[in-house]
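# Overview (structure and organization)
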Amino acid sequence: MTSIAPPDDEQGRAPVRQPAALSLAGQAPPMRADAARNRTRLLEAAARLVAEHGPEQLTMEAVAAAASVGKGTVFRRFGDRSGLLMALLDHSERLYQESFLTGPPPLGPGAPPVERLEAFGPATLRHLAAHRGLLLEAEPEACKRFLSPPLRVRLTHIAALLREADADGDAELLAQTLAGYLDVALLHHLTEQRGMPLDRLEAGWLDLVARVTRR
């Protein structure tokens, strides 16, 4: 990711640079046409298995059998089960990222920064809720979860908006605090285990943004 630390402008503020959309697995090298076709075939088989049995039942062996290939082929293409799940989520993640990086305001560029922050929380909560099962299954181990490419995009985006809004405090640490609210495991706990409606979480995000930006 490109660091947001360019020289200050004439008003003494750093110009805001938005992150680029990034896949769940980071920047992958280009694939040959036949390799891309094989990857698509494996993902289609995995998607069918998820639709039929749920993400918790998805295994590398099951995908290999469904696609009529050896298990080693699946491991070479995706690394492990987490990599396979992330690849399944990649398309929806890209659409979600594009909605706030290049989409229409107030979520996308063109609206004031605080309004974009306010729109970002509900959009992210709905994205997490729509793909909760796969996201929970793909959740990396604790020591790696903060290094995931999608989280880096969110943190960079939130920090950029905080700087643009002239929020008091350390923008990177404030971004970590705000991003912590947009966590799929927390969403699952609050909605499924605590019975909170999603609109209550969305209202909580607006309250948090107002406090952080002193609006």
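With that settled, consider the overall build of the protein chain. Summing up its helical and strand segments, the protein chain has 10 helices and 0 strands in all. Written out in order from the N terminus, the α and β elements of the protein chain read α-α-α-α-α-α-α-α-α-α. Scored against the burial criterion, the 215 residues of the protein chain give a buried share of 41%. Residue pairs in contact within the protein chain that sit at least 24 positions apart in sequence constitute 66% of those at least 6 positions apart. Within the structure as shown, the protein chain displays about 11500 Å² of accessible surface, and the carbon and sulfur contribution to it stands at 53%.

Turning our eyes to something else, we now look at the packing of aromatic side chains. Considering all chains together, one arrives at 5 aromatic pairs under this definition. For the ring pair Y96 and F100, a centre distance of 5.1 Å and an interplane angle of 65° mean the geometry is edge-to-face. Within this pair, Y96 and its partner F100 are both found in helix 4 (residues 81–101), separated by 4 residues, close to a single helical turn. Each of the two residues, Y96 as well as F100, counts as buried. An aromatic cluster of three or more residues is present, and its members are Y96, F100, F120, Y181 and W205. Of note, R145 hangs over the ring of F146, and the distance from its end group to the ring centre comes to 5.7 Å.

Its location among the elements puts L186 in helix 9 (residues 184–193). Other than its neighbours up to four places away in sequence, L186 contacts G180 and Y181.

Following both chains from N to C, one finds helix 5 (residues 113–130) and helix 7 (residues 149–164) inclined at 160°, their axes separated by 9 Å at the closest point. With respect to helix 7, the element helix 5 is oriented roughly antiparallel. Read as a crossing pair, helix 5 and helix 7 show a hand that is left-handed. Seen from helix 5, the contacting residues are P113, R116, L117, F120, T124, H127 and L128; seen from helix 7, they are R154, H157, I158, L161, L162 and E164. Grouping the constituent residues of the contact of helix 5 with helix 7 by class yields 7 nonpolar, 3 polar and 3 charged.

A residue-level look at the protein chain finds 86% of positions with pLDDT of 70 or above and a mean pLDDT of 86. Counting contacts from residues 1–16, a segment whose pLDDT is below 50, to residues more than four positions away or on other chains yields 25 contacts.

One pass over the structure, following the stated rule, counts 11 salt bridges. Its salt-bridge partner being R211, residue D207 comes within 2.8 Å of it at the nearest N-O pair. A residue pair is termed a helical-turn pair when its members lie 3 or 4 positions apart in one helix, as D207 and R211 do in helix 10 (residues 198–213) at 4 residues. Shared partners join several salt bridges into a network, and the residues in it are E139, R145 and D183.

It is worth spelling out unusual backbone geometry at this point. The amide bond that connects P105 to the next residue, P106, takes the cis arrangement and shows omega of 10°. Along the polypeptide, P106 turns up in the loop between helix 4 and helix 5. Positive phi values are uncommon outside glycine, yet S68 reaches one of about 60°. Classification of S68 as exposed rests on a relative accessible area of 67%. Even without a glycine there, the phi angle at D166 is positive, about 55°. For D166, the location among the structural elements is in the loop between helix 7 and helix 8 (171–181). D166 gets classed as partly exposed once you look at its relative accessible area, which sits at 46%.

Criteria and cut-off values
- Residues numbered from 1 in each chain as written.
- Predicted model: local features only at pLDDT ≥ 70, side-chain atom pairs only at ≥ 80, totals over all residues.
- Heavy atoms only, no water.
- Helix = DSSP H or I, 4+ residues; strand = E, 2+ residues; numbered from the N terminus.
- Buried < 20%, exposed > 50% of the residue type's maximum accessible area, 1.4 Å probe, protein only.
- Contact = heavy atoms within 4.5 Å.
- Areas by Shrake-Rupley, 256 points an atom, 1.4 Å probe, with all protein chains shown as cover.
- Phe/Tyr/Trp six-rings, centres within 6.5 Å; stacked < 30°, edge-to-face > 60°.
- Lys NZ or Arg CZ within 6 Å of the ring centre and 35° of its normal.
- Axes fitted to C-alpha atoms, helices over the stretch in contact; angles between N-to-C directions.
- Parallel < 35°, antiparallel > 145°, perpendicular 65-115°, else oblique.
- Left-handed = near helix turned anticlockwise from the far one by under 90°.
- Nonpolar A, V, L, I, M, F, W, Y, C, P; charged D, E, K, R; others polar.
- pLDDT = per-residue confidence, 0-100.
- Salt bridge = Lys/Arg side-chain N within 4 Å of Asp/Glu carboxyl O.

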